[in-house]
Amino acid sequence: SRGVTSSQPTFRVVAVVVCVLLCVVPCSGDMKSLVTGAVLGCLDNALLGQPLEIWKTRAGQMSNETSIESLRYILRNKGLPGLWVGLQPRLLECSTKGAVLVHSREQFLNLCARAGIRGTAAGFIAGMGSGVAQTIVMAPTLLLVVHAN
């Protein structure tokens, strides 16, 4: 059982199937940017973000261990799945963050195009604007998570 409950593999399979279906189902441009952002946010977190976060947290908590010793501890005591403990709640957060970021970026790029702003300036405005939009939407969620812990 080494850190994985029976519901986790089922959840992962369902999540992958839903993500694949959402990517191939034709939808409007607005919906497509939301889905694209959510899927990219989940993939980013599931493939790299969560394992590094677990490792970083262990290394930060155990100041007497080196980083390599922290990783060895996780792998020895929880196995490879131990790097993905707590993934499900993070997927909800990351899908929301990704959806907001990509969707708002598209909206800012559309606004810039209508205003006659193109190229690097449009990219700069869209990047800043989408970052601000993401922060405004996600800040209350972060406060709830921090307060709960």
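Residues numbered from 1 in each chain as written. Predicted model: local features only at pLDDT ≥ 70, side-chain atom pairs only at ≥ 80, totals over all residues. Heavy atoms only, no water.

Description of the overall build of the protein
Put simply, the rule is: Here a helix means four or more residues in a row that DSSP labels H or I, a strand means two or more in a row labelled E, and each is numbered from the N terminus. Residue burial is assigned from relative accessible area. The probe radius is 1.4 Å, only protein chains are included, and a residue is buried under 20% of its type maximum, exposed over 50%, and partly exposed in between. The contact criterion used is simple: two residues touch if any of their non-hydrogen atoms lie within 4.5 Å.
A count of helices and strands for the protein gives five helices and zero strands. Going from the N terminus to the C terminus, the protein shows its helices and strands as α-α-α-α-α. A burial count over the protein gives 23% of its 149 residues as buried. Contacts spanning at least 24 positions in sequence make up 65% of the contacts within the protein whose residues lie at least 6 apart.

Some remarks on the packing of aromatic side chains
Our working definition: Note on ring pairs: Phe, Tyr and Trp rings are taken, using the six-membered ring of Trp, and paired if centres are within 6.5 Å. Classes follow the plane angle, with under 30 degrees stacked, over 60 edge-to-face and the rest tilted. Here, over-ring charges are defined by two tests on the NZ atom of lysine or the CZ atom of arginine: distance to the ring centre within 6 Å, and angle to the ring normal within 35 degrees.
Taken as a whole and judged by the stated rule, the model has zero aromatic pairs. Above the plane of the ring of Tyr73 lies Arg58, whose end atom (NZ or CZ) is 3.5 Å from the centre.

A look at a nonpolar patch on the surface
As a reminder of what qualifies: Put simply, a patch holds well-exposed residues, over 30% relative accessible area, that have no salt bridge, with like charges counted together within 9 Å and Val, Leu, Ile, Met, Phe, Trp or Tyr side chains within 5 Å. The protein chains shown are the only cover counted for residues, whose accessible areas, like all others here, come from Shrake-Rupley with a 1.4 Å probe. Within this document, salt bridges are pairs made up of a side-chain nitrogen of Lys or Arg and a carboxyl oxygen of Asp or Glu, the two lying within 4 Å of each other.
On the surface, a nonpolar cluster with roughly 500 Å² of combined accessible area is contributed by Leu40, Leu43, Leu47, Leu48 and Leu52. The topology assignment puts Leu52 in helix H2 (residues 29-61). The exposure class assigned to Leu52 is partly exposed, which follows from its relative accessible area of 42%.

Some remarks on helix H3 (residues 67-78)
Rule in force here: Each helix should span, by expectation, one fewer than its residue count multiplied by 1.5 Å.
With twelve residues, H3 ought to run about 16 Å at 1.5 Å a step, and its terminal C-alpha atoms sit 16 Å apart, in line with that. A positive backbone phi angle near 75° is found at Gly79, which sits one or two residues after H3.

What about helix H4 (residues 87-114)?
If you check H4, its first and last C-alpha atoms are 40 Å apart, about what 28 residues at 1.5 Å a residue would give, namely 40 Å. Gly116 sits one or two residues past H4 and shows a positive phi near 85°.

Thoughts on the confidence of the model for the protein
Just so we agree on the cut-off: The pLDDT value expresses, per residue, how confident the predictor is, ranging between 0 and 100.
For the protein, the mean per-residue pLDDT works out to 81, and 77% of the residues sit at or above 70. Averaged over each element, pLDDT in the protein is lowest for helix H1 (residues 7-24) (52) and highest for H3 (95). Low pLDDT, under 50, characterises residues 1-8; the stretch is placed with nine contacts to residues that sit more than four places away or in other chains.

Focus: the pattern of salt bridges
By the definition in use, this model includes four salt bridges. Between Glu93 and Arg90 there is a salt bridge, and its shortest N-O distance comes to 3.7 Å. A residue pair is termed a helical-turn pair when its members lie 3 or 4 positions apart in one helix, as Glu93 and Arg90 do in helix H4 at three residues. Taking the relative accessible area as the measure of exposure, Glu93 reaches 28% and is therefore partly exposed. A salt bridge links Arg105 to Glu106, with the shortest nitrogen-to-oxygen separation between them at 2.9 Å. With relative accessibility at 29%, the residue Glu106 sits in the partly exposed group.

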